[in-house]
Amino acid sequence: LTLVQEQMKLRKLLPDSSSDQNVGPAGNDSDNLLNVDHKFSCEVEPFKQAYLGRNFDSTLYPDIGKLCDDPPLDVYGRPQEIPPFNIFVAGTSCKNFSMLRHKTRIDIEAKGCSGETFLAAVELLFKKKPAYCIFENVTGAPWEKMKEYITGRIKLSNCGSDKNIGDVKAKEKKMELTFVLGEDGRIKVDQVPGVYGVRCDSIVEGFIKGGTKTIRPVAFPTTSNCQKEKKCNLTELMEHNDISKANDTLVFETGVTYCAHYSKVDTKDYGLPQTRNRTYMFVWQPDNEDVEDDLGEYWEAIVSFLQSPVRHSLEAFILEPDHDIIRVFREALNGPAGRTSKRAAFLEPDFWASTSANLKYSTITRERSGIDEMARTVTSWGPYGEKQCPPHYWMEFLNIITQRQLDVIEIMHASAARDAELHDSSFASFFWNISQNAGKEKHRGAKSGIAGCITPGGNVFLPHQGRPILGSEKLLLQGIPYFRLLLNNETEVQLGDLAGNAMSLTVVCATMLGALTCKQLRTECLEAGKNVDPTKLLEKTASLPTKALQERLDADIRMNIAGTHRDSTLPCISSVFKQLAPLAEEAVEASILCTCESSGRNSSTCEFVQCRQCGVSCCRDCLHSTAGYQLKSHDTKSITVGDRTQGAFQSKLQNIVPTSAIFDGDGIKELLPNHRAKDLDKFVFNLHRIQRGRRTWRIIYYAKADAGTGEPIAQFVLSVGEVAAKGADDGIQLGVNGELTSFLPAKLPPLVYGPLSPCAKVCVLMGSEDAKIMWSQKIKTETTNLVVEGTGESPSFRAETGINEDAPDSLVANSKTKYYQKIVANAKQRGEERRWFYPDNWEIWPKKINISGGSSDALAVHGTYVRSDCRQTTNQSALWVREADDSTPTLYLMMQPFVSRNGSDFAVISSSISHNDPSAILATFPFKWQPCDALKPKLYKVKGVKLSQWAPLALKCSVPKSNTKVHSPAGDLQTLAEVSGLTELDVSMLGRNDLVAQNATDVVSLNVTRGQQAQQTVRVFNSLCITPILQHAARNKLQYDLGPDADWIDVLPSAGDKLLGCDETIVPTRPAEVWSYDAEREEWIRSFGPGASREYYTALKSSPSTFEMLLNIEGKKLTIKCDPRVAAHRAAFSLMEGRANNRADLSREVSVQYRLSDAARQTDPVLDPFHVSNCESLDPTSVKLKEPYKLYDRQKKVVTKMAQIEDGKTKFEEIEMFDEPMPGSSGWSLVAKATRRTGIRGGVIADAIGAGKTVISIALILRKIEASRAARKLPMQSSATLIPMPPGLLDQWKGEINRFAPHLKTICVYDLKKLKNLTVKDICHADVVLVPIDILESNATYLQHVLKMAGDKSTTTPKLPKSAGQTEVSEAKGVWIPGSSQDPYAGGKGNQAYRNESAHYTYVYNTAIQKLRKRTFKPTD
């Protein structure tokens, strides 16, 4: 609820200072009603515990099942009483109630996690007795039964119903409750059938007669049998006490009276584009213990009133392709983890010819949907990694998924085309969970633009983006702002788990707000009179969000910040256009030319191909014949580009473009009312970002509400490069485009949904910079009738996709069902039958289309359009081209996609081939028209074609003067920049969260890294300071070189400095782990000393940051400090961690350097091929073997190399990097590099079978055998060489040693029994010890023997782990990224018990070895 509090404070609806008292919902202080406090959380998963600990300063418990222990232990192992609270929110496990991996739901009492967590929450409810509680779970949970557990009341009329419990057997439904008479005379529950919500041993308090509220006592039956057995059933109890099954309620003792009311909700009704049906139950203590209390109805009224239908589709919640999160993820897919998964996928034989149990789902779905069995038009997948994909797909992602998942994509794509209202999935928003089988996944949701339910572990694919949805995006779809959270190294699976297991933020906030305010609503309803509808009262008194926005905009208009900048002498932005236009060609070369470049990297090759007709381009690396992009249908030409350092071109743009822009009032007033751009002249458009796009660069300005710090209300975009997307041979025009777009139609009623067209546009072509700049606006469109006549035949999109004749037949049959008959009839009346049926010639499209007729304005679109052979690059592969001549330009007839699928795709004629260029559209066809209509003479005449018209506009855009100046003091590397010239409003906005907190009057340190308010400060910093700072850097005025080849700066020690990596304030020491056995759960639990983990976390939280921002209130100046030593300590610590008990000794061998890095300027690393060095240039080392054997010369040289390594003469550099991003959107990071030069500690003999690797190893042992024997010291130091190997090689090695060096004393340890027979003296006097590698894991008593020899009698020997004990493979599938041996989801199993078991075994073994090394033995031991 902190988000709600924050917004109310910003709108002056809540005091800034919180009350110390715990007011809550029961309080009477309306001013403090929403000053809630988070008291405690409970989470069993370790990584989620870490997430909660970082983000929420409250008590954290590990297991809800142990919350009622006396006392409970927190996650740090400390006894910690549960703090007082009055609202308890319980989102208990839904796994068993949702039938996950089960055919039926598992009952509450069936020992499943759903039942256990629910019963534990109820136990806490009865123990702590909070005033209010909210339960959340799936709609299929047994809510009536759960309600009975909580209220302690069973309506007898419900007895025998299944109450949504799927696993209750029929015979159990007929069973009755049984009771026993206790020694204290009270009646207790003895046996409980599955249809009753009561626990065994619950005490019967009485019963309530229907229509009354009084609890009447219950007497035990007096029949002889009941008295003899002290036992009775429910029927006997009812008969004896005259209890009516039809009307009465049985009551059990709970210690507190609760009422409960539940309601079904859907996330998409609360502003989020996700279908997530859940049920929430409100539990409260009624006034005067009135069990008929109606407070729940008022709660439901508030929850229903707070519904906010989705205003933005899935697209608005998806990250930009060049976002850092996307970039890092793609780098990892291209890295070692992705390559590991790719190798596995490329070894997979043909799925279609396999015996996989999943194959039947694909075949059945294809047959049922009318899709050809072998149709694979979108991916063309085949065995062993074969695939050819649309050029916007991420090849690195498709290369790691299975053929089954690729086939699911094919089936979903074809299903989208199969719909009567067809959509091309490459250009429309779909949400496919490809981890499901094809038969279980729906290709579209019930509502367009809405995602399916976010679930843990789901692998969701977005076909129009060509990529998977990431964990951060799943959090956004749950309403959780990931950018306000302190995330660490959570993997994609973990972020997905956080999102999938979370409650939707807007929904749970609505239920909590309802709990906080429902009592007040009831009071006001009673005051307003009898029978007042609470919903109508809410509608009358509560303000809507749109009203609040309008009020804030009115305040901005009155403030008129742009007016304070307006001056007749202000420079016009036309000068900027004239500077940008000559850069258009360079902009194209530095832009994105292939999908592999869309997330910030450049292709590794300079060779590209581009289609002459549709303009699509890709690099040669992605145009692979086995696994690459589909360009076989395209007429391509080769393109070679030179130096493409995007950072250098971006710096050029930053040097030219202004930090802000304003528009004149007269020009804004001239815009038509339908643009709803009124008063935009009162706002300043501040530079938001410079974005690299496809064959263009976009410079984006936003006008924002709340004095420039709120939500965007308008956008001004300058595009440098291609001014209209065309084919490579279609006369590409280069220059600068400018477009002004108002967002107010999407924010204020009447609301407009879908993409917004620009209000005004301007264009300056390269080479015509001196021409007068003319703005134009889109005016009222003209409607005309065109004659559209087709000739020739070509396959339609559906036919090419593999749709067969069964598909239209099934649609006809479906329309005749009882459910759809009325819907189809209404559609026919509206003229929308084509949304339900195929045309009879649906398989054929014209090869040529001739357009004529219409008004004089339609002459511009007349001509013959020829269908292009290009596939997969335009919507529905529908592209007809009118070639240019001396008097007419190239035009394109194509199907414009409705990306959110809120409407049908429709045909347009455009001067640009891009679907994302609405200002280039010349004519728009009615949605009823389909290309096949052009082959029907009756349909040649197309009515209602809208012609777009643009008229001149006298709009002026100016560059306001700015007093903001940036300075970097010479020679001061710790002062990155000083921003001066800030206004009082700027200072107050920057410091609003810190001035009061620090009670500062002069200089305040801004919190820009931790906590929920830090992001507010960062947003203001981005708005006010980031653009001047970036321009300052672009002019090379920083003290740092941001280039990719910048020199590293040495970190030199100063007097009083701690050794690098040894400063506990920066890198505190991790606490030692302790293991304990949980007998109830039968597993080992990792914990830490009481308080140690909390102290460690507190130390981490208070550790200094590399960057610090100091706000000088008096001087109105912001100073950005940079302390390289902080990053240096962390880099050095990373290199030394876990490798030496004495960090100080190792630190003296470490040197650290640093530099400031700009992500935009960094080039992709060029990795030279790794060459394994041979030993040809080395001198031979002779070693005497048993006669007549001798080493070959090449073997002698190998011995020389190995000897150099053993003697420490082969050096290499260990390097660890640490980088800390600068807060804000600069893209800068301070990178520290720690280096330690040391000797290589081993190697690999890489040679062919039979080349003598064994004899070389024996020769290495013989080289210093006498020195080794001389170094023996009984009883503690052996000089033997230990050789672990597979068991089958023991005798072979022993034979080889006897063959080449029989004088070596060799011991073969075949098993543990053999080891126990050996003495210390035997081992010390041996030259070689051969041991099978599986001795550690094949015999469980080995560790027991080690513990015994170590003198450890207290440690219980753990069992061998169930899962693999070796380092788990870091791969992209399941684990996603990052994945490492330390990662809690490495390996993908996700079973915490297995992970703990394996980690505990390792801990015990390592501890035993350390103790063993400290013991002193006798030679005979």
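What counts, and where the lines are drawn
Each chain has its residues counted from 1, running along the sequence as written. Totals for whole chains, interfaces and linings use every residue, but because this is a predicted model, local features are given only for residues with pLDDT of at least 70 and side-chain atom pairs only at 80 or more, for both listing and counting. Side-chain descriptors were evaluated using all non-hydrogen atoms of the structure, hydrogens and water having been removed beforehand. With a 1.4 Å probe rolled over the protein chains alone, any residue whose accessible area is under 20% of its type maximum counts as buried; one over 50% counts as exposed, and the rest are partly exposed. Helix and strand labels come from DSSP, where a helix needs a run of H or I of at least four residues and a strand needs a run of E of at least two; each type is numbered from the N terminus. Strands qualify as paired when DSSP identifies two bridges or more between them. For Phe, Tyr and Trp, rings pair up if their centres lie within 6.5 Å, where Trp contributes its six-membered ring, and each pair is then called stacked (planes under 30 degrees apart), edge-to-face (over 60) or tilted (otherwise). Throughout this description, the term charge over a ring refers to an Arg CZ or Lys NZ atom that lies within 6 Å of the ring centre and within 35 degrees of the ring normal. Contact definition: two residues touch when any of their heavy atoms are within 4.5 Å. The convention used is that axes are lines fitted to C-alpha atoms, helices contributing only their stretch in contact, and that angles between N-to-C directions extend from 0 to 180 degrees. To form a nonpolar core, buried Ala, Val, Leu, Ile, Met, Phe, Trp, Tyr and Cys residues must be joined to one another through side-chain atoms within 4.5 Å. Any carboxyl oxygen of Asp or Glu that lies within 4 Å of a side-chain nitrogen of Lys or Arg is treated as forming a salt bridge with it. Angular relationships are summarised with four words: roughly parallel below 35 degrees, roughly antiparallel beyond 145, roughly perpendicular across 65 to 115, and oblique for the angles in between. When residue character is reported, Ala, Val, Leu, Ile, Met, Phe, Trp, Tyr, Cys and Pro are called nonpolar, Asp, Glu, Lys and Arg charged, and the others, Gly included, polar. In this description, the arc belongs to the directions extending from the helix axis to the C-beta atoms. Polar contact is defined as a pair of N or O atoms within 3.5 Å, subject to the rule that within protein one atom must be able to donate a hydrogen and the other to accept it, and that residues adjacent in sequence are counted only when both atoms are side-chain atoms. Like charges within 9 Å and nonpolar side chains (Val, Leu, Ile, Met, Phe, Trp, Tyr) within 5 Å are joined into patches, using only residues over 30% in relative accessible area that form no salt bridge. Here the Shrake-Rupley method, with its probe set to 1.4 Å, supplies the accessible areas, and only the displayed protein chains count as covering residues. Note on charges: Lys and Arg go in the positive column, Asp and Glu in the negative column, and His and the chain ends are not counted at all. Throughout, a charge is located at the NZ atom of Lys, the CZ atom of Arg, the CG atom of Asp or the CD atom of Glu. Less than a right angle of anticlockwise turn of the near helix away from the far helix marks a crossing as left-handed, whereas a clockwise turn marks it as right-handed.

Asker: Can you help me understand the pairing of strand 31 (residues 848-852) in this one?
Answerer: The side chains of a regular strand alternate, residue by residue, between the two faces of the sheet. Covered by surrounding structure in strand 31 are Ile 849 and Ile 851 only, the residues Lys 848, Asn 850 and Ser 852 on the alternate face being uncovered. Here 5 bridges tie strand 28 (residues 775-791) to strand 31, and the two strands are oriented antiparallel to one another. Counterpart to Thr 791 in the pairing with strand 31 is Lys 848. The sheet contact formed by strand 31 and strand 32 (residues 863-867) spans 4 bridges and is antiparallel. Bridge pairing links Lys 848 to Val 866 in strand 32.

Asker: Got a minute to help me understand the packing of aromatic side chains in this structure?
Answerer: What describes a pair of aromatic rings is the distance from one ring centre to the other and the angle between the planes of the rings. Enumeration according to the criterion identifies 30 aromatic pairs in this entry. Aromatic rings pair up to connect Phe 663, Phe 685, Tyr 701, Phe 716 and Trp 775 into one cluster. Its end group placed over the ring of Phe 346, Lys 342 keeps NZ or CZ at 5.4 Å from the ring centre. Sitting over the ring of Trp 352, Arg 376 keeps its end group 5.8 Å from the ring centre.

Asker: Any chance you could explain the environment of Phe 906 here in plain terms?
Answerer: Following the sequence through the fold, Phe 906 ends up in strand 35 (residues 906-910). Spatially, the C-alpha atoms of Phe 906 and Trp 929 are 7.3 Å apart, while their sequence positions differ by 23 residues. Residues contacting Phe 906, with those up to four places away along its chain left out, are Met 894, Met 895, Gln 896, Phe 898, Thr 924, Phe 925 and Phe 927.

Asker: Looking at this structure, how should I read the sheet that holds strand 41 (residues 1003-1006)?
Answerer: Hydrogen bonds along the backbone pair up the strands of a sheet, which may run parallel or antiparallel. Pairing is antiparallel across the open sheet formed by 5 strands, whose spatial order is 39-40-46-45-41. Among the strands making up the open sheet, the edge pair consists of strand 39 (965-967) and strand 41. Adjacent strand axes in the sheet meet at a mean angle of 20° when their direction is disregarded. Pairing between strand 41 and strand 45 (residues 1107-1112): 4 bridges, direction antiparallel. Bridge assignment links Ser 1005 to a residue of strand 45, and that residue is Leu 1110.

Asker: What's the story with the nonpolar core in this structure? I'm lost.
Answerer: Soluble, globular proteins show a tendency: their nonpolar side chains are buried together. Formed by 88 residues in total, the largest nonpolar core has its most connected members in Phe 397 and Phe 431. The leading source of residues in this core is helix 13 (residues 403-418), at 7 residues. Not counting chain neighbours up to four residues away, the residues in contact with Phe 431 comprise Leu 314, Glu 441, Ala 451, Gly 452, Ile 454, Val 460, Phe 461, Leu 462, Ile 469 and Leu 477. Membership of the second largest hydrophobic core comes to 48 residues, among which are Ala 590, Phe 663, Ile 699 and Tyr 701.

Asker: Explain the environment of Leu 756 to me, please; I cannot follow it from the model alone.
Answerer: Tracing the backbone through its elements, the reader meets Leu 756 in the loop between helix 25 (744-747) and strand 27 (760-765). Residue Leu 756 is classed as partly exposed on the basis of its relative accessible area, which comes to 26%. A C-alpha to C-alpha distance of 8.1 Å links Leu 756 and Ala 746, two positions 10 residues apart in sequence. Once residues within four sequence positions are removed from consideration, Leu 756 is found in contact with Thr 741, Ser 742, Phe 743, Pro 745 and Ala 746.

Asker: Please clarify how the pattern of salt bridges should be interpreted in this entry.
Answerer: Oppositely charged side chains can pair when the atoms bearing their charge come close. Using the criterion set out here, one finds 46 salt bridges in the structure. Here Arg 186 and Glu 253 are joined by a salt bridge, their closest N and O atoms 3.3 Å apart. Placement of Arg 186 in the loop between strand 6 (178-181) and strand 7 (187-191) and of Glu 253 in the loop between strand 11 (249-252) and strand 12 (259-266) is noted, with a sequence separation of 67 residues between them. The class of Glu 253 is partly exposed, set by a relative accessible area of 38%. Glu 396 serves as the salt-bridge partner of Arg 330, at 2.6 Å between the closest nitrogen and oxygen. Taken together, the positions of Arg 330 in helix 9 (residues 324-333) and Glu 396 in helix 12 (residues 395-398) put the pair 66 residues apart, joining distant regions of the chain. Judged by its relative accessible area of 3%, Arg 330 falls in the buried class. The class of Glu 396 is buried, set by a relative accessible area of 10%. The structure contains a network of salt bridges with shared partners spanning Asp 287, Asp 293, Asp 294, Lys 519 and Arg 522.

Asker: Before we go on, may I ask you to explain the packing of helix 16 (residues 505-528) against helix 17 (residues 534-541) in this structure?
Answerer: Between helix 16 and helix 17, the least distance of the axes is 10 Å, while the angle of their chain directions is 95°. The angle between helix 16 and helix 17 places the two elements in the roughly perpendicular class. Between helix 16, through Leu 521, Glu 524 and Cys 525, and helix 17, the contact on the second element is made entirely by Pro 534, Leu 537 and Leu 538. The residue makeup of the contact of helix 16 with helix 17, split by class, is 5 nonpolar, no polar and 1 charged.

Asker: Can you walk me through helix 17 in this structure?
Answerer: Regarding helix 17, the residues found buried are Pro 534, Leu 537 and Leu 538. When helix 17 is viewed along its axis, its buried side chains cluster within an angular range of 100° and face the same direction. When the buried face of helix 17 is taken as reference, the exposed residues oriented beyond 90 degrees from it are Lys 536, Glu 539 and Lys 540. Among the structural elements, helix 8 (295-305) and helix 16 are those in contact with the buried residues of helix 17. Residue Asp 533 occupies the N-cap position of helix 17, its side-chain oxygen lying 3.0 Å from the main-chain nitrogen of Thr 535.

Asker: Just to check I follow, could you spell out a negative patch on the surface for this structure?
Answerer: A surface patch of like charges, here negative, comprises Glu 367, Glu 373, Glu 805, Asp 806, Asp 809 and Glu 843. By the secondary structure assignment, Glu 373 is in the loop between helix 11 (359-369) and strand 14 (387-389).

Asker: Any chance you could explain the packing of helix 36 (residues 1253-1263) against helix 38 (residues 1290-1300) here in plain terms?
Answerer: Pairs of packed helices are described in terms of their axes, by the angle between the two and the distance that separates them. Packing of helix 36 against helix 38 leaves a shortest axis separation of 10 Å and a crossing angle of 60°. Classed by the angle they form, the pair helix 36 and helix 38 counts as oblique. Where helix 36 crosses over helix 38, the two elements pack in a sense that is right-handed. Between helix 36 and helix 38, the contacting residues are Thr 1254, Val 1255, Ser 1257 and Ile 1258 on the first element and Trp 1293, Glu 1296, Ile 1297 and Phe 1300 on the second. Of the residues contributing to the contact of helix 36 with helix 38, the split by class is 5 nonpolar, 2 polar and 1 charged.

Asker: Explain the side chain of Asn 437 here, please?
Answerer: Mapped onto the elements, Asn 437 comes out in the loop between strand 15 (432-433) and strand 16 (460-462). A residue is classified by how much of its surface remains accessible, and Asn 437, at 13% relative accessible area, is buried. One polar contact links Asn 437 to Asn 358, side chain to side chain, over a distance of 3.2 Å. Each residue touching Asn 437, except ones within four places of it in the same chain, is listed here: Asn 358, Tyr 361 and Arg 404.

Asker: What am I meant to see in the sheet that holds strand 12 here?
Answerer: Sheet architecture is open: 4 strands sit in the order 3-4-13-12, paired in mixed fashion. Only two strands of the sheet have a single partner each, and these edge strands are strand 3 (87-91) and strand 12. The mean inter-strand angle of the sheet, taken between neighbouring strand axes irrespective of direction, is 15°. Where strand 3 lies against strand 4 (residues 132-138), 5 bridges are found, and the strand directions are parallel. The partner of Ile 87 across the bridge, within strand 4, is Tyr 132. In the packing of helix 3 (residues 113-128) onto the sheet, contacts are made with strand 3, strand 4 and strand 13 (277-284), and the angle to strand 4 comes to roughly 175°.

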